[in-house]
Amino acid sequence: MEWLSNTLKVPDVALQSAALERQMQLTKPPGSLGRLEDVAVRLSAMQGSEKPSAEKINITIFAADHGVVAAGVSAFPQEVTVQMVANFSAGGAAISVLAKTLGASLQVVDVGTVTDPGTMPGVISRRAGHGTGNLHKQDAMTSEQLAIAMNAGREAVLQAKEMAADLFIGGDMGIGNTTPAAAIACALLGADPVDLAGPGTGLDAEGVSHKAQVLQQALQRYEGLESEPLKVLRCLGGFEIAALTGAYISCAQQGLPVLVDGYITTAAALVAVKLQPGVKDWLIFSHRSAEPGHKAMLEALDAEPLLDMGMRLGEGSGAATAVPMLRVACDLHNGMATFADAGVAEG
Ligand SMILES: Cc1cc2ncn([C@H]3O[C@H](COP(=O)(O)O)[C@@H](O)[C@H]3O)c2cc1C
Ligand SMILES: O=C(O)c1cccnc1
């Protein structure tokens, strides 16, 4: 995993200044397009292009199972993970529909569901195991498994780069994965599980309180986690979260902008940024999940997402929903006339 410490690219400062300058010259009061302006300027700097674009989107969903489901932390049974992999492949999931709407490429990487889904169209097998160990009682994974999962993320990004994607969206599928996501956030932020555990797929208040207890017990087994992001990922994470972390670091190494999705992907982003702070420059945060603990993670990352739609699905669905906004931002940036072009008087 030496690649983890490879140098990150840095967004182009000259293009950022040029894009900012252009925004000031477009026929509108400066700043009047609000965050659409920021996003176009950031994309221009990240893509190293005077004409930012969000047309060619690569969506990769990482799917895996979680031993901690045995502790009763999800409203849904574990077999749903592999059933949803089949649903992605058949085109019936929310993200399948969104990918079609956006004309985005969609692939699924199986990083370790409990049962092997076998060969399916659009599903790549990079299995690190048959689900993680139960983080309530043991380390979630071994170092070897962590490396397989993180490499799976890197490989997906290299492919996205090869197909000249403008933007990378990572999605998650794994019943129980709001628990490792919360565990990671608690460990890295020194937060209390009571504040970060939420209903996920639909636990009631009693279920949420049980989940917080499971998290509390899991966290008690470790010390000094705040300064050890890789250990946090290995002991308290999941294969798909590790793959997403690897993918985000890889995007920063390749200079590929990322649209971060919701709760689970933000936990992966948190690990990536703790490992390599420069990753943050490549992340655009798409939406605020309805999962209550998302807010704390976003605040820790000093991130203000574009949308707040009450979504809490995962799969990359929140990020995909924000893509039209990025397209609008790019079209405005690239297509509007300047004051000089249009002969409009400046203020
Ligand atoms: C049918 C279905 C489709 C999903 N797609 C994403 N998730 C989301 O919900 C799960 C996390 O919530 P929890 O920790 O409560 O299990 C993950 O699989 C996540 O991707 C789904 C969940 C279900 C049930
Ligand atoms: O925001 C998310 O990513 C999320 C929230 C609940 C369940 N699954 C995913």
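Residues numbered from 1 in each chain as written. Chains lettered and ligands numbered in written order. Predicted model: local features only at pLDDT ≥ 70, side-chain atom pairs only at ≥ 80, totals over all residues.

**Q** Help me out: how do you make sense of the overall build of the protein chain in this one?
**A** Within the protein chain one finds 14 helices and six strands. In terms of C-alpha radius of gyration, the protein chain reaches 20 Å, essentially the compact-globule figure of 20 Å for 347 residues. Across its three principal axes, the protein chain shows a C-alpha extent of roughly 70 × 40 × 40 Å. In the protein chain, buried positions account for 52% of the 347 residues. Within the protein chain, contacts between residues separated by at least 24 positions form 76% of all contacts whose residues are at least 6 apart in sequence. (Helix = DSSP H or I, 4+ residues; strand = E, 2+ residues; numbered from the N terminus. Rg over C-alpha atoms; globule rule 2.2 N^0.38 Å. Buried ≥ 20, exposed ≤ 12 C-beta atoms within 10 Å, placed from the backbone. Contact = placed C-beta atoms within 7 Å.)

**Q** Just to check I follow, could you spell out the site of ligand 1 for this structure?
**A** Neighbouring residues of ligand 1: 18 residues in total, closest Ser 74, Thr 178, Gly 200, Thr 201 and Gly 314. Elements with a contribution of two residues or more to the shell around ligand 1: helix H3 (80-90), strand S4 (167-173) and helix H6 (178-189). (Near = placed C-beta within 6 Å.)

**Q** I'm lost on the site of ligand 2 in this one. Help?
**A** Contacts to ligand 2 come from Thr 178, Gly 200, Thr 201, Asp 261, Gly 262, Tyr 263, Ile 264, Ser 289, Glu 291, Arg 312, Leu 313 and Gly 314. The residue inventory of the shell around ligand 2, partitioned by class, reads three nonpolar, six polar and three charged. (Nonpolar A, V, L, I, M, F, W, Y, C, P; charged D, E, K, R; others polar.)

**Q** Got a minute to help me understand the nonpolar core in this structure?
**A** Inside soluble globular proteins, nonpolar side chains tend to come together where they are buried. Membership of the largest hydrophobic core comes to 107 residues, with the highest contact counts inside it found for Ile 184, Ala 243, Tyr 248 and Ala 267. With residues up to four places along the chain from it excluded, the contact list for Ala 243 reads Phe 62, Val 109, Val 111, Ala 149, Met 150, Ala 152 and Gly 153. (Core = buried A, V, L, I, M, F, W, Y, C linked by C-beta atoms within 7 Å.)

**Q** Would you explain the pairing of strand S2 (residues 105-112) in this entry?
**A** Along a regular strand, successive side chains alternate from one face of the sheet to the other. Taken across its eight residues, S2 has six buried, putting it largely inside the fold. Here strand S1 (residues 57-64) runs beside S2; their pairing, made up of seven bridges, is parallel. Opposite Thr 60, over in S2, you have Gln 107 as the bridge partner. Sheet analysis places S2 next to strand S3 (residues 123-125), joined by three bridges and oriented parallel. Bridged to Val 109 within S3 is Ile 124. (Pairing = 2+ DSSP bridges.)

**Q** For this particular structure, what's the right way to read the UniProt feature "active site" (unreviewed entry) in the protein chain?
**A** Mapped onto the present numbering, the UniProt feature "active site" (unreviewed entry) falls at Glu 315. With residues up to four places along the chain from it excluded, the contact list for Glu 315 reads Ile 61, Ala 93, Ala 94, Ile 95, Gly 171, Asp 172 and Met 173. (UniProt positions renumbered as here; feature names shortened; annotations may be inferred.)

**Q** I'm lost on the environment of Gly 170 in this one. Help?
**A** Note that Gly 170 resides in strand S4. Under the C-beta neighbour-count criterion, Gly 170 is labelled buried, with 32 such atoms within 10 Å. For Gly 170 and Met 84, which are 86 residues apart along the polypeptide, the C-alpha to C-alpha distance reads 16 Å. Sequence-distant contacts of Gly 170, defined by excluding residues within four places in its chain, comprise Thr 60, Phe 62, Leu 244, Ala 247, Asp 261, Thr 265 and Gly 316.

**Q** I tried to follow the packing of helix H4 (residues 94-102) against helix H13 (residues 317-335) on my own but got confused; where do I start?
**A** The relative placement of two packed helices is expressed as an angle between their axes plus a distance between the axes. The geometry of H4 relative to H13 is characterised by a closest axis approach of 10 Å and an angle of 20 degrees between their N-to-C directions. In terms of orientation, H4 lies roughly parallel with respect to H13. Relative to H13, H4 is oriented so that their crossing is left-handed. Along the contact surface, H4 presents Ala 94, Ile 95, Leu 98, Ala 99 and Leu 102, while H13 presents Ser 317, Ala 320, Thr 321 and Val 323. (Axes fitted to C-alpha atoms, helices over the stretch in contact; angles between N-to-C directions. Parallel < 35°, antiparallel > 145°, perpendicular 65-115°, else oblique. Left-handed = near helix turned anticlockwise from the far one by under 90°.)

**Q** Would you mind going over the environment of Ala 243 with me for this structure?
**A** Locating Ala 243 in the fold gives a position in helix H10 (residues 239-254). Along the primary structure Ala 243 and Val 111 are separated by 132 residues, whereas in three dimensions their C-alpha atoms are 7.7 Å apart.

**Q** Looking at this structure, how should I read H13?
**A** An ideal rise of 1.5 Å per residue puts 27 Å on 19 residues; H13 measures up with 28 Å between its terminal C-alpha atoms. At Val 323, H13 shows its maximal bend, which comes to roughly 30 degrees, and the proline Pro 324 appears one to four places after that position. Listed in full, the buried residues belonging to H13 are Ser 317, Gly 318, Ala 319, Ala 320, Thr 321, Ala 322, Val 323, Leu 326, Ala 329, Cys 330 and His 333. (Expected span 1.5 Å × (residues − 1). Bend = angle between axes of the 7 residues up to and from the residue.)

**Q** Please clarify how unusual backbone geometry should be interpreted in this entry.
**A** When glycine is set aside, most residues are seen to have a negative phi, and most peptide bonds are trans. Positive phi, normally seen in glycine, also occurs at Ala 164, with a value near 60 degrees. For Ala 164, the position within the fold is in the loop between helix H5 (143-162) and S4. Even without being glycine, Glu 315 reaches a positive phi, approximately 65 degrees. Structurally, the position occupied by Glu 315 is in the loop between helix H12 (294-300) and H13.

**Q** Is there a simple way to explain the packing of H5 against H10 in this structure?
**A** Remark: H5 packs on H10, axes separated minimally by 7 Å, with the N-to-C direction vectors making an angle of 45 degrees. When the interaxial angle is binned, H5 and H10 end up oblique. Considering the relative orientation of H5 and H10, their crossing is right-handed. Between H5 and H10, the residues in contact are Gln 145, Leu 146, Ala 149, Met 150, Asn 151, Ala 152, Gly 153, Arg 154, Ala 156, Val 157, Leu 158 and Lys 161 and Phe 239, Ala 242, Ala 243, Leu 244, Thr 245, Gly 246, Ala 247, Ser 250, Cys 251 and Gln 254, respectively.

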